[in-house]
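Listed below, chain by chain, are the residues.
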Amino acid sequence: MRTTLLKQTAFLIAVTVVYLIFELGFNGRLLDVVGGAATPDDVHHIEYFGRTLSGIAAALVVLQLMLTRRAKGGQGKPSYRTIVIACAVTIVVVFLAIKTLVDVLVNTRDAQFRRTAANTVLMQRSLVDGRLQLDGLGVGDGGFARPEGKAFLALFPVMAVSVDRLDEKTRAVKTTLVRDKVRREMGGVQSYYDQYTDGMKRLHKDWNKYAAVISDGDPDLLKEQQRAWNDYRSRLSRRGWQPETVPFYARGKVSASVRRDLPALPSNWNPGDMVSFYRAVGVKYRQQAARRVQSVEVGGETIPPGLPYEAFVARRGVQNKLREEMHLPATAVVQASYTSAASFEQLFEQAVDEETRKMMVQLDAPASDYADGGKWAKEGLDATRAAIVPAVALFFSLLGAIGHFSKLLFLSAKGVMLARAAADGKLSKRASRATLAVLLSGLIGVWAAFSFSSNVITRSDLFHQMMAWASGGTSGGHVLTNIAHVVVVGQGYGYPLNEAIRQDVLMGFKYGYDPQVSASKKAM
């Protein structure tokens, strides 16, 4: 019996070590994602790994309990098949439970929380990019690149929701932050010019149709030319001829007959000359297309026929369409072409102004607009998720690591006690209490050590002020602020080890996030 329990304990220790390797590596990668300039998609992808690891963590507890029960029962029950099914069910249940928890946390936040989250997420992105400095934080250049700085950035949006008079404190810099965000998302003048070029190419094609400008390679023209040539060959075949074999005496008559339908053919046209035939069909096709064009409607305006390209572009309806596609204000005028970069840059600045104005309207909207059914309800939910998910993910990852580190100590202590136990493998009450004490000491000790430790972030005046606002003087608030403190301190100590494990032991495993791929997507 003792041998069986020792083997079982050794197996559980090995499995727990493997889990901890993946969990710690994930924790290091997670901090890079939630504490950096990652996109919501990046966070969404790494969430799957996080929930899966949390499910595995719970499954390991179930595995330990069921193996212990099987060993003590001595009758082979529960079976290994039952244990495997139970562990698999546990992984799925915990995976879905955490997802449901996050969804509930997001969907139950009130309209004011959503509105404030939209503003704090903007500030967090600006802190990551170095476009915003916070007085009283006490971090110099590169401070947010350190683990504790990344952890603070991940928690900042949800912590800042509780900041007193946030609108008043950020009003002076909000417009600048929004304008910088718009510029970054638009990709600069060159990217905007590429967008303009693509739009004008599409417009020029529309004008070609409007002006009946049909290229030689137009698919419909080519189809018509082929049809006309086939009809011509069919008529000749009734007499047993082909275009190349029309007798000399009949060429004049055949040519005259064809030229009645295709006047553009030369008077001395040879019945076998397909090139001239195609050219004449093209002339007829374009003439017919021109006669069909009367007027077109663009952007709510009916445009009369016959306008040259520049005049066509200048029409009110066309300008309305271009302004809508290029996110321009109603006063902007889009030229058919630009002779210098400086002249086009003015148009870019107008686009930046318009998008900044729209975003400021959203951020300054009343809280009622962020309520369910409101104008900005979806944007408010997205911002709330962006504020809550990183904090929840970091907490569960850190909790899983601390919990299973404590369990590893517990299993090690249990193995030592079993080695000294009798042949039946039963531990005395004193030995059982000692192993349990090791487990609780690990949990409480690590948490307490992080709670009473500090770093440059947690010692700053701003952090203390934000913690005071977030706690609200309630016991529940103090618990949440303690968790925030432990996360910031714990990540500061744990990240170097976690990242070393990910790089060296797991061979750089990415957990669904590659910063280079993410950066290239944002640049597109």
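As the structure is a prediction and not an experimental result, all values here were calculated from the model.

Some points on the overall build of the protein chain
For step 1, the next point in the chain: Of regular secondary structure, the protein chain possesses 18 helices and two strands.
For step 2, the next point in the chain: The C-alpha radius of gyration computed for the protein chain amounts to 36 Å, which surpasses the reference 24 Å derived for 524 residues by more than 25%, pointing to a less compact arrangement than a globule.
For step 3, the next point in the chain: Counting only C-alpha atoms, the protein chain reaches 125 × 65 × 40 Å along its principal axes.
For step 4, the next point in the chain: Split by element, the accessible area of the protein chain, about 27500 Å² in all, is 59% carbon and sulfur.

Considerations on helix 4 (residues 111-128)
For step 1, the next point in the chain: Taking 1.5 Å as the rise per residue, helix 4 with 18 residues should run 26 Å; its terminal C-alpha atoms sit 26 Å apart, in good agreement.
For step 2, the next point in the chain: Burial within helix 4 is extensive, with 15 of its 18 residues counted as buried.

Here we look at the confidence of the model for the protein chain
For step 1, the next point in the chain: For the protein chain, the mean per-residue pLDDT works out to 86, and 93% of the residues sit at or above 70.
For step 2, the next point in the chain: Within the protein chain, helix 18 (residues 515-523) has the poorest average pLDDT of any element, 60, and helix 3 (residues 80-107) the best, 94.

Quick look at the packing of aromatic side chains
For step 1, the next point in the chain: As enumerated under the stated definition, the model contains 23 aromatic pairs in all.
For step 2, the next point in the chain: Consider the rings of Phe-49 and Tyr-511, whose centres lie 5.7 Å apart with planes at 80°: the pair is edge-to-face. Linking Phe-49 in helix 2 (residues 40-73) with Tyr-511 in the loop between helix 17 (475-505) and helix 18, this pair joins segments that are 462 residues apart in sequence.
For step 3, the next point in the chain: On the basis of relative accessibility, which here comes to 30%, the residue Phe-49 falls in the partly exposed class.
For step 4, the next point in the chain: Residue class for Tyr-511 comes out buried when judged on its relative accessible area of 2%.
For step 5, the next point in the chain: Arranged with centres 5.8 Å apart and planes meeting at 55°, the rings of Tyr-232 and Trp-269 form a pair that is tilted. One end of the pair, Tyr-232, is in helix 8 (residues 219-237); the other, Trp-269, is in the loop between helix 9 (248-261) and helix 10 (274-292), and 37 residues separate them in sequence. The exposure classification of Tyr-232 matches that of Trp-269, with both residues buried.
For step 6, the next point in the chain: Three or more aromatic residues joined by ring pairs form one cluster here, namely Tyr-192, Tyr-193, Tyr-196, Tyr-338, Phe-344 and Phe-348.
For step 7, the next point in the chain: Here the guanidinium or amino end of Arg-51 rests over the ring plane of Phe-95, the centre of that ring lying 4.7 Å away.
For step 8, the next point in the chain: A cation over a ring is seen here: Arg-70 above Tyr-80, with NZ or CZ 3.8 Å from the ring centre.

Here we look at the packing of helix 5 (residues 147-160) against helix 16 (residues 461-471)
For step 1, the next point in the chain: Packing of helix 5 against helix 16 leaves a shortest axis separation of 10 Å and a crossing angle of 40°. Considered as vectors, helix 5 and helix 16 are oriented oblique to each other. Crossing angle aside, the handedness with which helix 5 passes helix 16 is left-handed. Of the residues in helix 16, those touching helix 5 at Phe-152, Phe-156, Met-159 and Ala-160 are Phe-463, Met-466 and Met-467.
For step 2, the next point in the chain: For the contact of helix 5 with helix 16, the per-class residue count stands at seven nonpolar, no polar and no charged.

Overview of a nonpolar patch on the surface
For step 1, the next point in the chain: A cluster of nonpolar side chains, Leu-436, Leu-440, Leu-443 and Ile-444, forms an exposed patch at the surface whose accessible area comes to about 350 Å².
For step 2, the next point in the chain: By secondary structure assignment, the location of Leu-436 is in helix 15 (residues 429-452).

What to know about the nonpolar core
For step 1, the next point in the chain: By size, the foremost hydrophobic cluster in this structure holds 103 residues, and its most contacted members are Tyr-192 and Leu-347.
For step 2, the next point in the chain: With twelve residues, the single largest contributor to this core is helix 14 (residues 377-419).
For step 3, the next point in the chain: Sequence-distant contacts of Leu-347, defined by excluding residues within four places in its chain, comprise Tyr-192, Met-326, Leu-328, Ala-332, Val-333, Val-334 and Tyr-338.
For step 4, the next point in the chain: Ranked by size, the runner-up nonpolar core spans 16 residues in total, among them Ala-228, Trp-229, Trp-241 and Val-281.

Quick notes on the environment of Ala-434
For step 1, the next point in the chain: Mapped onto the elements of the fold, Ala-434 is located in helix 15.
For step 2, the next point in the chain: Sequence-wise, Ala-434 and Lys-407 are 27 residues apart; in three dimensions their C-alpha atoms are separated by 13 Å.

Let's talk about helix 13 (residues 341-363)
For step 1, the next point in the chain: Compared with an ideal rise of 1.5 Å per residue, which puts 23 residues at 33 Å, helix 13 spans 32 Å between its outermost C-alpha atoms and is within 8% of the ideal.
For step 2, the next point in the chain: Looking at helix 13, one finds that the buried residues are Phe-344, Leu-347, Phe-348, Ala-351, Val-352, Glu-354, Thr-356, Met-359, Met-360, Gln-362 and Leu-363.
For step 3, the next point in the chain: On its buried face, helix 13 sits against helix 4, helix 6 (166-186), helix 7 (188-210) and helix 14.

Points about the environment of Leu-63
For step 1, the next point in the chain: Counting through the fold element by element, Leu-63 comes out in helix 2.
For step 2, the next point in the chain: Sequence-wise, Leu-63 and Tyr-80 are 17 residues apart; in three dimensions their C-alpha atoms are separated by 10.0 Å.
For step 3, the next point in the chain: Aside from chain neighbours lying at most four places away, what touches Leu-63 is Phe-11, Leu-12, Ile-83 and Cys-87.

Here we look at the pattern of salt bridges
For step 1, the next point in the chain: Within this structure, the stated rule accounts for 22 salt bridges.
For step 2, the next point in the chain: For the salt bridge of Arg-51 with Glu-47, the shortest nitrogen-to-oxygen distance reads 3.2 Å. A residue pair is termed a helical-turn pair when its members lie 3 or 4 positions apart in one helix, as Arg-51 and Glu-47 do in helix 2 at four residues.
For step 3, the next point in the chain: A relative accessible area of 13% places Glu-47 in the buried class.
For step 4, the next point in the chain: As a salt-bridge pair, Arg-385 and Asp-103 come within 2.8 Å of each other at their nearest N and O atoms. In this pair, Arg-385 is assigned in helix 14 and Asp-103 in helix 3, connecting sequence segments 282 residues apart.

Remarks on the packing of helix 2 against helix 14
For step 1, the next point in the chain: One way to put it is that helix 2 packs onto helix 14 with a least axis distance of 10 Å and a crossing angle of 25°. With respect to helix 14, the axis of helix 2 lies roughly parallel. The interaxial crossing formed by helix 2 with helix 14 has left-handed handedness. When helix 2 is examined against helix 14, the residues Val-43, Glu-47, Ser-54, Ala-57, Leu-60, Val-61, Gln-64 and Thr-68 are found in contact with a partner set consisting of Val-389, Phe-396, His-404, Lys-407, Phe-410, Leu-411 and Lys-414.
For step 2, the next point in the chain: Classifying every residue of the contact of helix 2 with helix 14 by side-chain character gives eight nonpolar, four polar and three charged.

Comments concerning the side chain of Arg-70
For step 1, the next point in the chain: Position of Arg-70 relative to the elements: it lies in helix 2.
For step 2, the next point in the chain: A distance of 3.5 Å separates a polar atom in the side chain of Arg-70 from a polar atom in the side chain of Tyr-80.
For step 3, the next point in the chain: With sequence-adjacent residues up to four places away left out, Arg-70 is seen in contact with Gly-76, Lys-77, Pro-78, Ser-79, Tyr-80 and Ile-83.

What counts as what
Residues numbered from 1 in each chain as written. Predicted model: local features only at pLDDT ≥ 70, side-chain atom pairs only at ≥ 80, totals over all residues. Heavy atoms only, no water. Helix = DSSP H or I, 4+ residues; strand = E, 2+ residues; numbered from the N terminus. Rg over C-alpha atoms; globule rule 2.2 N^0.38 Å. Areas by Shrake-Rupley, 256 points an atom, 1.4 Å probe, with all protein chains shown as cover. Expected span 1.5 Å × (residues − 1). Buried < 20%, exposed > 50% of the residue type's maximum accessible area, 1.4 Å probe, protein only. pLDDT = per-residue confidence, 0-100. Phe/Tyr/Trp six-rings, centres within 6.5 Å; stacked < 30°, edge-to-face > 60°. Lys NZ or Arg CZ within 6 Å of the ring centre and 35° of its normal. Axes fitted to C-alpha atoms, helices over the stretch in contact; angles between N-to-C directions. Parallel < 35°, antiparallel > 145°, perpendicular 65-115°, else oblique. Left-handed = near helix turned anticlockwise from the far one by under 90°. Contact = heavy atoms within 4.5 Å. Nonpolar A, V, L, I, M, F, W, Y, C, P; charged D, E, K, R; others polar. Patch = residues over 30% accessible without salt bridge, like charges linked within 9 Å, V, L, I, M, F, W, Y side chains within 5 Å. Salt bridge = Lys/Arg side-chain N within 4 Å of Asp/Glu carboxyl O. Core = buried A, V, L, I, M, F, W, Y, C linked by side-chain atoms within 4.5 Å. Polar contact = N/O pair within 3.5 Å; in protein donor to acceptor, adjacent residues only side chain to side chain.

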